[in-house]
Every structure is written in C-alpha cells, then in structure tokens.
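Residue-level structural notes
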Amino acid sequence: QLQVVESGGGSVQTGGSLRLSCKASGYAIWRTMAWFRQIPGKEREGVAGVGRADGRTYYADPVKGRFTVSLNHDASGSYLQMNDVKVDDTAMYYCATTRAIDSGVPEPQQYDYWGQGTQVTVSS
C-alpha cells in the first residue's frame, strides 16, 4: 500500500555533509517516518524519526547535534541532513513508516513499510 524510496547516499570524507531524501507514495496512512542504518554483522539501529502531523523529531545519541531530520514541503517524505560525518556513520541507511505516533529512538519492529536503502560511506 506504500512505496518508500530513499536517495542521496554516496561517499563523503570525515567532517563533510550529506543529505538523504525519502518519499512515501501510496494510500496507506503513516504518521511517523524514521531513518535506520545497518552495517554487516550488526543489528539494524534507529537513527532519527519525525512525526508527520507536528514535525516532532527524535534522535539516537550517536547522531545528536550532527544529524537533522525534517519533513519535506508537502509532508510526503523527509530529509536526513548529515553533518560532521564520521567513519562510524558508514552504513546502509533505510527509511521506513508506521501508522503509530512514535517517540524516542525508533525500533525497527514498529515500522511497516521500508525502502530499499541507500549506502553512505565515510572515509577518513
């Protein structure tokens, strides 16, 4: 019922910036959109989330002060602005949605519709 597509990944040097985009298309209702990341051998972890109705945001500790998540202009998706990136930020980044109004660090189990992911590689 919903197609979720991420874009904007690529290679960047330590300290640089990158902006990821996500758009959800379809008729399923979503109230929260969140970003996750995963590297081989590790569990998928929540990065940041934003409420569709009020724009409320929340972040995981490792990215606080460096990443900013926001809704796009028509609330069809979101942006993840990544500043002062570190090598540890290297991961496949995923965007996902849920009907619930979420808060706190997003949990993958709460999210229903997922994008295919976009790779972010940070070099020193």
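A few points on the structure. (Residues numbered from 1 in each chain as written. Predicted model: local features only at pLDDT ≥ 70, side-chain atom pairs only at ≥ 80, totals over all residues. Heavy atoms only, no water.)

Some points on the overall build of the protein
Along the protein, the regular secondary structure elements total zero helices and 11 strands. For the protein, whose C-alpha radius of gyration is 13 Å, the value lies close to the compact-globule estimate of 14 Å for 124 residues. In the protein, which comprises 124 residues, the proportion classed as buried is 44%. Within the protein, residue pairs in contact and separated by at least 24 positions form 59% of the contacts whose partners lie at least 6 positions apart. When the accessible surface of the protein is summed, it comes to about 6600 Å², and 46% of that surface belongs to carbon and sulfur atoms. Charge separation in the protein, taken as the distance between the mean sites of 12 positive and 12 negative side-chain charges, equals 4 Å. (Helix = DSSP H or I, 4+ residues; strand = E, 2+ residues; numbered from the N terminus. Rg over C-alpha atoms; globule rule 2.2 N^0.38 Å. Buried < 20%, exposed > 50% of the residue type's maximum accessible area, 1.4 Å probe, protein only. Contact = heavy atoms within 4.5 Å. Areas by Shrake-Rupley, 256 points an atom, 1.4 Å probe, with all protein chains shown as cover. Lys, Arg positive; Asp, Glu negative; His and termini not counted. Charge placed at Lys NZ, Arg CZ, Asp CG, Glu CD.)

What about the state of the cysteines?
Two cysteines form a disulfide when their sulfur atoms are joined by a covalent bond. By the definition in use, this model includes one disulfide. There is a disulfide in this structure between C22 and C95, and the S-S distance comes to 2.0 Å. Because the sign of the S-S torsion sets the handedness, a value of about -85 degrees for the bond joining C22 and C95 places this disulfide among the left-handed ones. Taken as a pair, C22 in strand 3 (residues 18-26) and C95 in strand 9 (residues 91-98) lie far apart in primary sequence, 73 residues in all. Residue C22 shares its accessibility class with C95, and that shared class is buried. (Disulfide = S-S within 2.5 Å.)

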